[in-house]
Amino acid sequence: MASFRISNTHKLIFLVFVIIVLKLAAMLNKPANLISGSHTVRNLTEKEFLDMGFDSSQNFDIDENAEVNKKVTEEMKIIIDRLRDQIRQETKGYKLPSNREVESLIPERGGTPMRSVVITTWRSGSTFIGGVLDSHPATFHFSEPLTDFRTVQVRGEPLGTLAVRALRSLLTCNYRVLGRYLERSKEYTWLSTHNTRLWAHCENHKDICYEPEFLTPVCRLFPFQSMKVVHIRLRLVEELLADPNLNVRVLYLMRDPRGVMSSRASLGWCRKSPDCGSPTHVCADLVDDYAAALRFDKLFPGKFKVVRYEDMSLRPHEVMPEIFSFFGLQYHRDVQDFVKVHTTQNNKNKYSTFRNSSAQALLWRTKLDYRKVRQLQTTCRLAMAAWGYLPAHNASHQAVFNPLVQPFSLT
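Residues numbered from 1 in each chain as written. Predicted model: local features only at pLDDT ≥ 70, side-chain atom pairs only at ≥ 80, totals over all residues. Heavy atoms only, no water.

**Re the sheet that holds strand β4 (residues 139-143)**
Adjacent strands of a sheet pair through backbone hydrogen bonds, lying either parallel or antiparallel. The strand order across the open sheet built from five strands is β4-β5-β3-β6-β7, with neighbouring strands paired in parallel fashion. Because the sheet does not close on itself, it has two edges, and the strands there are β4 and β7 (304-308). Neighbouring strand axes in the sheet, compared pairwise and without regard to direction, differ in orientation by 20° on average. Both strand β6 (residues 248-254) and β7 contribute to a ladder of five bridges, which runs parallel. Note that in β7 the partner of Met254 across the bridge is Arg308. Contacting β6 and β7, helix α14 (residues 279-299) crosses the sheet at an angle of about 140° to β7. Across the sheet, helix α16 (residues 316-327) is in contact with β3 (114-119), β6 and β7; its angle to β6 comes to roughly 150°. (Pairing = 2+ DSSP bridges. Helix = DSSP H or I, 4+ residues; strand = E, 2+ residues; numbered from the N terminus. Axes fitted to C-alpha atoms, helices over the stretch in contact; angles between N-to-C directions. Contact = heavy atoms within 4.5 Å.)

**Re the packing of helix α3 (residues 74-90) against helix α9 (residues 212-219)**
For the pair α3 and α9, interaxial distance at closest approach is 10 Å and the crossing angle is 15°. Considering their axes alone, α3 and α9 lie roughly parallel with respect to each other. Read as a crossing pair, α3 and α9 show a hand that is right-handed. In this structure, α3 contributes Met76, Ile79, Ile80 and Leu83 to the contact, and α9 contributes Glu213, Phe214, Pro217 and Val218. Split by residue class, the contact of α3 with α9 holds seven nonpolar, no polar and one charged. (Parallel < 35°, antiparallel > 145°, perpendicular 65-115°, else oblique. Left-handed = near helix turned anticlockwise from the far one by under 90°. Nonpolar A, V, L, I, M, F, W, Y, C, P; charged D, E, K, R; others polar.)

**As for α9**
Extensive coverage of α9 is indicated by the burial of six of its eight residues. All buried positions along α9 are accounted for by Pro212, Glu213, Phe214, Leu215, Val218 and Cys219. Contacts from the buried residues of α9 go to α3, β4, α5 (160-171), α6 (179-185), α8 (196-202) and β5 (224-229). (Buried < 20%, exposed > 50% of the residue type's maximum accessible area, 1.4 Å probe, protein only.)

**Regarding the pairing of β4**
Across the five residues that make up β4, a large majority, five, are buried. Of the two faces of β4, the one lined by Thr139, His141 and Ser143 and the one lined by Phe140 and Phe142 are each fully buried. Two strands pair when backbone bridges link them, and β4 and β5 are joined in this way by five bridges, in the parallel orientation. Within β5, the position partnered with Thr139 by the bridge is Phe224.

**A closer look at the packing of aromatic side chains**
Within this structure, the stated rule accounts for twelve aromatic pairs. Relative to Trp387, the ring of Tyr290 lies with its centre 5.2 Å away and its plane at 80°, an arrangement referred to as edge-to-face. You can see Tyr290 sitting in helix α14 and its partner Trp387 sitting in helix α21 (residues 381-387), a full 97 residues away along the chain. The same class applies to Tyr290 and to Trp387, which are both buried. Every member of this aromatic cluster is reached through a ring pair, and the members are Tyr252, Tyr290, Trp387 and Phe408. In this structure, Arg308 is placed above the aromatic ring of Tyr389, and the distance from its NZ or CZ to the ring centre is 5.5 Å. (Phe/Tyr/Trp six-rings, centres within 6.5 Å; stacked < 30°, edge-to-face > 60°. Lys NZ or Arg CZ within 6 Å of the ring centre and 35° of its normal.)

**Observations concerning the environment of Phe128**
Assignment of secondary structure puts Phe128 in helix α4 (residues 126-134). The buried category is assigned to Phe128, whose relative accessible area is 12%. Between the alpha carbons of Phe128 and Val339 there is a distance of 8.9 Å; along the sequence they are 211 residues apart.

**What to know about the nonpolar core**
Core analysis: the largest hydrophobic core is formed by 100 residues, its most contacted members being Phe214, Ile232, Leu234, Phe304, Met312 and Trp387. Ignoring anything within four residues of it in the chain, the contact list for Phe304 reads Leu234, Val250, Tyr252, Ala293, Phe296, Asp297, Phe326 and Leu410. Counting twelve residues, the second largest nonpolar core, distinct from the first, contains Val260, Leu362, Leu368 and Phe401. (Core = buried A, V, L, I, M, F, W, Y, C linked by side-chain atoms within 4.5 Å.)

**Thoughts on the side chain of Asp289**
Positionally, Asp289 belongs in helix α14. Classification of Asp289 by relative accessible area gives buried; the value is 0%. Setting aside residues no more than four positions away along its own chain, Asp289 makes contact with Arg233, Leu234, Tyr252 and Trp387.

**Considering the pattern of salt bridges**
As enumerated under the stated definition, the model contains 23 salt bridges in all. The salt bridge partner of Arg88 is Asp85, with a shortest N-O separation of 2.7 Å. Placement of the pair is Arg88 and Asp85 together in helix α3, with a separation of three residues, close to one helical turn. In this structure Arg88 comes out as partly exposed when scored by relative accessible area, which is 42%. Linked through salt bridges whose partners overlap, the residues forming this network are Arg308, Asp311, Arg315 and Glu318. (Salt bridge = Lys/Arg side-chain N within 4 Å of Asp/Glu carboxyl O.)

**Comments concerning unusual backbone geometry**
Cis geometry is found at the peptide bond from Glu157 to Pro158, where omega equals 15°. Position of Pro158 among the secondary structure elements: in the loop between β4 and α5. The peptide bond linking Gln406 to Pro407 adopts the cis configuration, its omega dihedral lying at -10°. Positionally, Pro407 belongs in the segment after α22 (395-400). We note that Glu144 has phi near 50°; this positive angle belongs to a residue other than glycine. Topologically, Glu144 is positioned in the loop between β4 and α5. The class of Glu144 is buried, set by a relative accessible area of 11%.

Below is the structure:
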């Protein structure tokens, strides 16, 4: 009996069919199955989540009836006044592309700030883009605000509602309902350093910098907010995009899964968690994010954008101005200086944002053994096809080829 062999043409037809199904599911508002390879990824149960080491007593404590019992101290007032003066100086002569006045965006004066949110995952360029956004004048930056969930991806209940409410509370400066989150944040002071304007004062006033009565009025000083989130999947933030009162724009930053897994290989904390160390989980999430991106692209024109890490790294001086234009922000000289310095210098620290970005973008081609790449490509074939990444055919090809489909577009 003659053996049956699936040709490359049949494989391509199958991939096209799957992507069309995802597009239809997105348009019909139906959740897509998280299928990658021969495995299916499902939401963790509460028991499974707790078994992974999450301490429920340390969870976000969102209590809408919470009251602030302490008063704003003189020490707090002095810092708040200094920050108010600093913001005034940083925005002097600042022109918004929309020609709006910056003062009309300040919450303490009744305004709604411009809120720039980046959704991505670990080792996908999030720290770099977070630093870029923080370098923008008068910006209050939230770095990985769901770190309390540890090395877990939030895909739905029982954690989804809790996570989205936490993001909303932070964006609206409602610290009074995040008491336990603030307590937990004291253990993650390295994240606070990414909010450079706040940390410049908190470094010498740590006793007040996790108090709601201090953080709430400080947050309300700023006309611009930015946030980068690595613990939640894209479709869960629809509620934030759909709220006209939040004035949120969401950028989805994605990276070639081969580059992601190469970057994560040296991280012990990552390898221990399936949500970080398993290619099956990672690429299933990328397929689900693709379906959500198709939906958001139709539902929220002008409020949602996709950028690939590789495009940003290889052409930073072209892509970064596009990102800031999308967010409705001026591509300020301070931002330009940050981008220039952080994309042309190298630092061997694995968490540093100083990188020769053009060399870093495709570094996995020489770091990963082809056998590992072939396994990743098999597991991630749907995610790669959806997001415009080409497979390496052999070790020689891998070392020199361009893995990017150009130009890339969701539609």
